[in-house]
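Single-letter residue listing:
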Amino acid sequence: MASRGRGARVKGASFEREIAKLLSEKTGLDAKRGLGQARLGGSEVADVEVQFIHIEVKRQIKCNIKAAMKQAIADSTNKKKPPVVITKDDFEPVLVTMLFDDWVEFFKCYLATQRMPSEE
């Protein structure tokens, strides 16, 4: 169990690398772990860097999704990228959290690629 200190940092960094790898493999995007993890010019480096979204990643015993989203919103403000939070509680599936308006835009793009059944 890694809830504090070095163990928690290692657990988090490992999950960030895992998510970056999965995003790259499953989408073809150039996703990589945000290096530095320090404030640069007033904004935080994303945990996983992808061209058009700001991704915060949390891997904990029980993640605080609302706090993670607040952090992602604050950190992504200067870059004008939609904030996305990817969380995993111990022994639970991975969750993705977005603001509703951002999700609607993503969903509209998805719908544009789908063939809708014609109404008969």
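Quantities reported herein were computed from a predicted structural model and do not represent experimental measurements. Starting from 1, residues in each chain are numbered consecutively following that chain's sequence as written. Where local features are concerned, this predicted model is filtered to residues with pLDDT of at least 70; where side-chain atom pairs are given and counted, the filter is 80 or more; whole-chain, interface and lining totals use all residues. Each side-chain value is derived from all of the structure's non-hydrogen atoms; neither hydrogens nor water enter the calculation.

### Some remarks on the packing of aromatic side chains
- Stacked, edge-to-face and tilted are the three classes for Phe, Tyr and Trp ring pairs, Trp counted by its six-membered ring, which pair at centre distances within 6.5 Å; planes under 30 degrees apart are stacked, over 60 edge-to-face, the rest tilted. Counted according to the given criterion, the structure contains four aromatic pairs.
- Judged by centre distance (6.1 Å) and plane angle (35°), the rings of F100 and W103 are tilted. Within this pair, F100 and its partner W103 are both found in helix α3 (residues 100–113), separated by three residues, close to a single helical turn.
- Seen from their ring centres, W103 and F107 are 4.9 Å apart, and the 10° between their planes marks the pair as stacked. Highlighted residues: W103 and F107, both in helix α3, separated by four residues, approximately one helical turn. In this text, helices come from DSSP runs of H or I with a minimum length of four residues, and strands from runs of E with a minimum of two, each type numbered from the N-terminal end.

### Points about the nonpolar core
- Throughout this description, the term nonpolar core refers to a set of buried Ala, Val, Leu, Ile, Met, Phe, Trp, Tyr and Cys residues connected via side-chain atoms within 4.5 Å. Note on exposure labels: buried denotes an accessible area under 20% of the residue type's maximum, exposed denotes more than 50%, and partly exposed covers the range between, all computed with a 1.4 Å probe on protein chains only. With eleven residues, the main nonpolar core is built from F15, I19, A20, A31, V48, V50, I53, I55, V57, V84 and I86.
- Elements supplying a minimum of two residues to this core: α1 (5–27), β4 (48–50), β5 (53–60) and β6 (83–89).
- Two residues qualify as a contact provided that any one of their heavy atoms is within 4.5 Å of a heavy atom in the partner residue. In contact with V50, not counting residues within four places along its chain, are L23, L29, D30, A31, I55 and K81.

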